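Geometric and topological summary
Chain residues, written in single-letter form:
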Amino acid sequence: MSLSRKRKRELKKLRSHAQDVLNDQKVVLDQAKHLMFEAGVQAKNLSNEHVAPRVNEAYETVRPTVERVVRNIRRVAAPAVTTALISAINTLDASDNPRAHRASQRILQLSNQAGLKVKKPKKRSARKVIALSVGLAAAAGVAYTLWQTFRADDELWIAADDSE
């Protein structure tokens, strides 16, 4: 497709005009970038002069309350965390895996470094295990005796029903 001279001149003029607009846009964008940089510097200065002192004052006002709440949370949460750590240490020590034993020692060390007073739990002695077993057996015997006494097919209960 061939273009006439008139169309070629118009296209050349249009291309030249488009290039001028593009150059103008580059200048405007460069000026906008410089303006944004200066606005950032001014915002930082205003923040340092006005906002930061007010935030520091507000922080100093609420700091005692925050510290008291943190102390209370530590006081309340420490027993629960200690119980969980003791349970984890017991579980790891109960296994025969040497890596688990080392992990339990590491947990104990880290918890003591964190300020939690976690003492390594004592192992159950044979006396305690035997006493617990005897107690459970006695409770089972009492429960069985009660069940035998009050079961529904007992003749005494049936006889009492027939007399009515």
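Residues numbered from 1 in each chain as written. Predicted model: local features only at pLDDT ≥ 70, side-chain atom pairs only at ≥ 80, totals over all residues. Heavy atoms only, no water.

Another point: the overall build of the chain. From N to C terminus, the chain includes four helices and zero strands. When burial is assessed residue by residue, the chain has 5% of its 164 residues classed as buried. Within the chain, residue pairs in contact and separated by at least 24 positions form 38% of the contacts whose partners lie at least 6 positions apart. Looking at the chain as shown, the accessible area adds up to about 14,800 Å², and 61% of this sits on carbon and sulfur atoms. (Helix = DSSP H or I, 4+ residues; strand = E, 2+ residues; numbered from the N terminus. Buried < 20%, exposed > 50% of the residue type's maximum accessible area, 1.4 Å probe, protein only. Contact = heavy atoms within 4.5 Å. Areas by Shrake-Rupley, 256 points an atom, 1.4 Å probe, with all protein chains shown as cover.)

A few words on the packing of helix α1 (residues 5-94) against helix α2 (residues 98-113). Put simply, α1 and α2 touch, their axes get as near as 8 Å, and they point 160 degrees apart. Taken together, the axes of α1 and α2 lie roughly antiparallel to each other. The handedness of the crossing between α1 and α2 is left-handed. Contacts from L85, I89, L92 and D93 of α1 reach α2 at A100, H101, A103, S104, I107, L108 and S111. Taken together, the residues that form the contact of α1 with α2 break down as seven nonpolar, three polar and one charged. (Axes fitted to C-alpha atoms, helices over the stretch in contact; angles between N-to-C directions. Parallel < 35°, antiparallel > 145°, perpendicular 65-115°, else oblique. Left-handed = near helix turned anticlockwise from the far one by under 90°. Nonpolar A, V, L, I, M, F, W, Y, C, P; charged D, E, K, R; others polar.)

Judged by side-chain polarity, Y59, V62, V66 and V70 come together as a nonpolar surface patch covering roughly 340 Å² of accessible area. Locating V66 in the fold gives a position in helix α1. (Patch = residues over 30% accessible without salt bridge, like charges linked within 9 Å, V, L, I, M, F, W, Y side chains within 5 Å. Salt bridge = Lys/Arg side-chain N within 4 Å of Asp/Glu carboxyl O.)

Tallying each qualifying case throughout the model produces one aromatic pair. Note on Y144 and W147: the rings are 5.9 Å apart at their centroids and 40 degrees apart in plane angle, and the pair reads as tilted. Taken together, the positions of Y144 and W147, both in helix α3 (residues 126-150) and three residues apart, correspond to about one turn of that helix. (Phe/Tyr/Trp six-rings, centres within 6.5 Å; stacked < 30°, edge-to-face > 60°.)

This paragraph deals with α1. Think of an α-helix as 3.6 residues a turn; residues three or four steps apart then line up on the same face. Across its 90 residues, α1 extends only 97 Å between first and last C-alpha, which sits more than 12% below the 134 Å expected from 1.5 Å per residue. Its maximal kink placed at V62, α1 deviates by approximately 45 degrees, while the proline P64 follows within four residues. Listing the buried residues of α1 in full gives T82, L85 and I89. Turning to α1, the residues buried within the fold contact α2. (Expected span 1.5 Å × (residues − 1). Bend = angle between axes of the 7 residues up to and from the residue.)

This part is about the confidence of the model for the chain. Should pLDDT be low for a region, the predicted coordinates there are not to be read in detail. Residues with a pLDDT of 70 or more make up 85% of the chain, whose mean pLDDT is 82. Model confidence for the chain, summarised as mean pLDDT per element, is weakest for helix α4 (residues 155-162) at 56 and strongest for α1 at 88. (pLDDT = per-residue confidence, 0-100.)

This model, assessed by the stated rule, comprises four salt bridges. Two residues, E10 and R7, come together in a salt bridge whose shortest N-O distance is 2.8 Å. Residue E10 and its partner R7 are located together in helix α1, separated by three residues, close to a single helical turn. A salt bridge links D30 to K33; the shortest N-O distance between them is 4.0 Å.

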